[in-house]
Number of protein chains: 2
Amino acid sequence: MATKNVAIIGSGNWGSAIARIVGRTTKANPDKYGERVNMWVFEETVNGRKLSEIINTDHENVKYLPGKKLPENVFAVTDVVETCKDADILIFVIPHQFVTRVSKQLVGKIKPDAIGLSLIKGLSCVPSDGIKLVSDEIKEILKIDVSVLMGANIAPEVANDNYCEATIGTKDKQKNGALLKTLFHTDFFRINVVADTEAVELCGALKNVVACAAGFSDGLGYGDNTKAAIIRLGMMEIVRFVTQFYPGAQLSTFFESCGLADLVTTCYGGRNRRVCEAYVKSDKPLAVLEKEMLNGQSAQGPLTADEVFELLRKTNSLEKYPLFVAVKRICKGELKAKDLIDCLRTHPEYT
Amino acid sequence: MATKNVAIIGSGNWGSAIARIVGRTTKANPDKYGERVNMWVFEETVNGRKLSEIINTDHENVKYLPGKKLPENVFAVTDVVETCKDADILIFVIPHQFVTRVSKQLVGKIKPDAIGLSLIKGLSCVPSDGIKLVSDEIKEILKIDVSVLMGANIAPEVANDNYCEATIGTKDKQKNGALLKTLFHTDFFRINVVADTEAVELCGALKNVVACAAGFSDGLGYGDNTKAAIIRLGMMEIVRFVTQFYPGAQLSTFFESCGLADLVTTCYGGRNRRVCEAYVKSDKPLAVLEKEMLNGQSAQGPLTADEVFELLRKTNSLEKYPLFVAVKRICKGELKAKDLIDCLRTHPEYT
């Protein structure tokens, strides 16, 4: 079998952390992968030098992952087409609002049998009647198979080689699953592969909505019992949502790192939780708090809640998702945070 | 249908918190329950007065739940036979080391068609070849049906009417399930009933073992990713254990409050986590730390790990439960806490 070339589309905090892993595994498996890993870098100037040049000379992304060396077989490339043209495996790890634009740039410029892997948590920003998975967005534009990798993976901890797990969801477990697992599975980053691609991806997007509810609970000073109930009911709404809109997933998939583990981490740490706690305590609008607290990043929970709400409204499903709906309404100021519990009390989970 | 009399065996922190709920629900449902709720109190002297007298006069358990009123239909009774003799529903909420002794005192002294409900987390202290569920211990001694109630229920928060959930496991969902649900389901304490009694009970016992591992991780300064991986692998060992030794449980039961929610709460708060974190940081023996930190209470995780280990050893199953086994060995000083991750790296969950 010919070796596979790998390209990483994105070089932020998470992309750089992943480049550390992929650079090592490609080098360690010369029978499977081409050694050179191209990483697309959106060019900018840092301390008077070009970021791409810094990465290729000093092997460090000083802006987004300072203090951590990148393997020397990872090369910063500033042109996304150039980055990807010889790649057999395209790893997407850019903010989800750039997915459409970047994918369109690649149309006709990549290998026809390349496969994609999305590490992007969130839903695609497509003005539409419902929601769209980021992986589907890429798939539709590039006509390639797209798998996903999700899990409880805080980037600085991954970069620090702390032990953690992740889940790969791929329709082709046998072939692509094996190929992708070897690309990520290391002593400190343990991979499980499942076939429920959509479930894996939706867990990664919907957990942020649950984290908002956890943040409200923290802001209101409720205790551990209440937070545990919120996390649990949130998990059940995630399961219900996947079952309703993307049927066929195994319940066991929600016990993978992408499900249970990522949800818990996000509801205890995580920026959505933090911003929503502050929202309750400060009375400032969410947008202001995001600006003040997140250093240019956005909280995806409120956005996702909004998109999910639209789909639920159009499918007459609102009453089956009291937590998702309450988060949307609280974020929009249509409901007070203290009304959250009243929304949960008659949850359809209590049968 | 004749009304059912309720007795509570135990009056510690958790027993008293539960008495607040049961006192209210029995009063609110006079068609279902006798109004008078007997609560067995182990007599002691507090500020020169008998505790039972204080409870019956001031309606407050000043020793174990100070500052919270008990409903006036809850009566402290110091003789356990007297407490239970007219009861149709016996709620067991005593430390698990007293279960055998107390149950034996009741033999032949209770209504033959009474039903039991155990709120006791942990395994029964029976010198035996394996483990024994507390509910089975009661069942065998008293020859009555015994259900269980477990969940993410930190007693002071329940006493404070913070919103929370619990799971009742009962073989007879139709009849006993309905009867017990009404006895506990309030606006702030939401009950789900499932048929997987053993799974519900084992979740309540085994989570403490997982919490020890979470404590080690915290003590070692590992981050959120690692802790999430530990919680997840712990959950999978709980599922595996139940499946191996008490087969037949639904996977969905582990998503109830007794499963996911209680595990998460215990691994973030909880005394097992706390003591095990200190064990890593201080180098003092666990027994010393328990004495110093737990105010007379014991950490059940190390005990349970020990009992579980024996069963796994005898059934040649050790290699299927690397987390449970590591916790036992670290608690016993046979392994260093920092070796925990090495034990998890080749976990059978990574297929």
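What counts, and at which threshold
Residues numbered from 1 in each chain as written. Chains lettered and ligands numbered in written order. Predicted model: local features only at pLDDT ≥ 70, side-chain atom pairs only at ≥ 80, totals over all residues. Heavy atoms only, no water. UniProt positions renumbered as here; feature names shortened; annotations may be inferred. Helix = DSSP H or I, 4+ residues; strand = E, 2+ residues; numbered from the N terminus. Contact = heavy atoms within 4.5 Å. Domains from an automatic or database assignment. Buried area = accessible area lost by both parts, 1.4 Å probe. Salt bridge = Lys/Arg side-chain N within 4 Å of Asp/Glu carboxyl O. Polar contact = N/O pair within 3.5 Å; in protein donor to acceptor, adjacent residues only side chain to side chain. Nonpolar A, V, L, I, M, F, W, Y, C, P; charged D, E, K, R; others polar. Phe/Tyr/Trp six-rings, centres within 6.5 Å; stacked < 30°, edge-to-face > 60°. Buried < 20%, exposed > 50% of the residue type's maximum accessible area, 1.4 Å probe, protein only. Lys NZ or Arg CZ within 6 Å of the ring centre and 35° of its normal. Axes fitted to C-alpha atoms, helices over the stretch in contact; angles between N-to-C directions. Parallel < 35°, antiparallel > 145°, perpendicular 65-115°, else oblique. Left-handed = near helix turned anticlockwise from the far one by under 90°. Least-squares fit on C-alpha atoms with pLDDT ≥ 70 in both. Core = buried A, V, L, I, M, F, W, Y, C linked by side-chain atoms within 4.5 Å.

**Student:** So what exactly am I meant to see when it comes to the UniProt feature "active site" (unreviewed entry) in chain A here?
**Tutor:** All names here are of chain A. UniProt marks K207 with the feature "active site" (unreviewed entry), using the numbering shown here. For K207, the position within the fold is in helix 8 (residues 197–219). Apart from residues lying up to four places away in sequence, K207 is in contact with K121, I238, D262, L263 and T266.

**Student:** In this structure, what is going on with the domain arrangement of chain A? I would like to understand it.
**Tutor:** Where the parts come together, the accessible area they lose is often given as the size of the interface. All names here are of chain A. With domains assigned, chain A is organised as domain 1 (4–195) and domain 2 (199–350). Summarising the inter-unit geometry, the C-alpha centres of domain 1 and domain 2 are found 27 Å apart. On the domain 2 side, the residues contacting the 23 residues of domain 1 number 21 residues. Summed over both partners, the interface of domain 1 with domain 2 comes to about 1900 Å²; 61% of that surface belongs to carbon and sulfur atoms. For the interface between domain 1 and domain 2, the tally reads one salt bridge. With its nearest N and O atoms 3.0 Å apart, the salt bridge here joins D262 to K121. For the interface between domain 1 and domain 2, the tally reads nine residue pairs in polar contact (both at pLDDT 80 or more). Of all the secondary structure elements, the ones that give two or more residues to the side of domain 1 that touches domain 2 are helix 5 (134–142), strand 8 (145–150), strand 9 (164–169) and strand 10 (189–194). The dominant element in the side of domain 1 that touches domain 2, judged by the number of residues it contributes, is strand 9, at four residues. Looking at side-chain class alone, the side of domain 1 that touches domain 2 contains 10 nonpolar, 10 polar and three charged residues.

**Student:** Sorry if this is basic, but what is going on with the environment of I231 of chain B here?
**Tutor:** Tracing the backbone through its elements, the reader meets I231 of chain B in helix 9 (residues 224–245). Considered as a pair, I231 of chain B and A7 of chain B are 224 residues apart in the sequence and their alpha carbons are 36 Å apart. Once residues lying within four places of it in the same chain are set aside, the contact partners of I231 of chain B are V264 of chain A together with V210, L263, C267 and Y268 of chain B.

**Student:** Would you explain the packing of aromatic side chains in this entry?
**Tutor:** To describe a pair of aromatic rings, you give the distance between the ring centres and the angle between the ring planes. Across all of its chains, the model carries 15 aromatic pairs over all chains by this definition. Ring geometry for Y321 of chain A against F324 of chain A: centres 5.8 Å apart, planes inclined by 10 degrees, an arrangement best described as stacked. When the ring of F241 of chain B is compared with that of F324 of chain B, the centres are 6.4 Å apart and the planes differ by 70 degrees; the resulting orientation is edge-to-face. Residue F241 of chain B is found in helix 9, and its partner F324 of chain B is found in helix 14 (residues 322–331); the two are separated by 83 residues along the sequence. A relative accessible area of 2% means that F324 of chain B is categorised as buried. Counting every residue linked through ring pairs, the aromatic cluster contains F241, F245, Y321 and F324 of chain A. Its end group placed over the ring of F188 of chain B, R345 of chain A keeps NZ or CZ at 4.9 Å from the ring centre.

**Student:** It is not clear to me how the packing of helix 13 (residues 300–314) of chain B against helix 14 of chain B should be interpreted in this structure. Could you clarify?
**Tutor:** Each pair of packed helices gets described by two things: the angle between the helix axes and the distance between those axes. Residue and element names in this part refer to chain B. The interhelical angle for the contact between helix 13 and helix 14, taken along N-to-C directions, is 120 degrees, at an axis separation of 9 Å. It follows from the interaxial angle that helix 13 and helix 14 lie oblique. Classified by chirality, the crossing of helix 14 by helix 13 is left-handed. Contacts between helix 13 and helix 14 involve P302, A305, D306, V308, F309 and L312 from the former and F324, V325, V327, K328, R329 and C331 from the latter. Of the residues contributing to the contact of helix 13 with helix 14, the split by class is nine nonpolar, no polar and three charged.

**Student:** Got a minute to help me understand the relation of the copies chain B and chain A in this structure?
**Tutor:** Each of the two chain copies can be generated from the other by rotation about an axis followed by a shift along it. When chain B is fitted onto chain A, the two copies agree to an RMSD of 0.0 Å after a turn of 180 degrees and an axial shift of 0.0 Å. Such a combination of turn and shift is consistent with a two-fold rotation axis.

**Student:** Quick question: what am I supposed to make of the UniProt feature "binding site: substrate" (unreviewed entry) in chain A here?
**Tutor:** Residues and elements named next belong to chain A. The UniProt record annotates "binding site: substrate" (unreviewed entry) at K121, R271 and N272. A maximum C-alpha distance of 13.4 Å is found for the annotated residues, which run over 152 residues; spatially they form one tight group. Within the secondary structure, K121 is located in the loop between strand 7 (115–118) and helix 5. According to the relative accessible area criterion, K121 is partly exposed, its value standing at 21%. Once residues lying within four places of it in the same chain are set aside, the contact partners of K121 are M150, G151, G204, K207, D262 and Q300. Mapped onto the secondary structure, R271 falls in helix 11 (residues 271–282). R271 gets classed as partly exposed once you look at its relative accessible area, which sits at 29%. The contact partners of R271, leaving out residues within four places of it in the chain, are L294, Q297 and S298.

**Student:** What is the right way to look at the environment of L123 of chain B in this model?
**Tutor:** Mapped onto the secondary structure, L123 of chain B falls in the loop between strand 7 (115–118) and helix 5 (134–142). Residues L123 of chain B and L202 of chain B, spaced 79 residues apart in sequence, show a C-alpha to C-alpha distance of 8.2 Å.

**Student:** Sorry if this is basic, but what is going on with the environment of V99 of chain B here?
**Tutor:** Residue and element names in this part refer to chain B. Following the sequence through the fold, V99 ends up in helix 4 (residues 99–106). For the pair formed by V99 and S118, sequence separation is 19 residues and the distance between their alpha carbons is 9.9 Å. Excluding anything up to four places from it in sequence, V99 contacts I94, I120, V134, E137 and I138.

**Student:** Is there a simple way to explain the nonpolar core in this structure?
**Tutor:** The tendency in soluble globular proteins is for nonpolar side chains to be buried side by side. Of all hydrophobic cores here, the largest spans 122 residues; its most connected members are F216, F241 and F324 of chain A together with F216, F241 and F324 of chain B. In contact with F216 of chain A, not counting residues within four places along its chain, are C276, E277, Y279, V280, V327, I330, C331, A337 and L340 of chain A.

**Student:** How should I be thinking about the interface of chain B and chain A in this particular structure?
**Tutor:** Contact with chain B, which involves 45 residues of that partner, is made by 44 residues of chain A. Roughly 4000 Å² is buried in total at the junction of chain B and chain A, and carbon and sulfur atoms are behind 57% of that figure. When the buried area of chain B at its contact with chain A is split by residue, Y163, N225 and F255 of chain B rank highest and sum to 21% of it. Residue E165 of chain A pairs with R232 of chain B through a salt bridge whose shortest N-O separation is 2.5 Å. Our enumeration of links across chain B and chain A arrives at 26 residue pairs in polar contact (both at pLDDT 80 or more). For the side of chain B that touches chain A, the elements supplying multiple residues, two or more each, are helix 6 (155–159), strand 9 (164–169), strand 10 (189–194), helix 9, helix 10 (257–268) and helix 15 (340–344) of chain B. Per-element tally for the side of chain B that touches chain A: the top contributor is helix 9 of chain B, with 10 residues. Its residues assigned to classes, the side of chain B that touches chain A shows 24 nonpolar, 11 polar and 10 charged.

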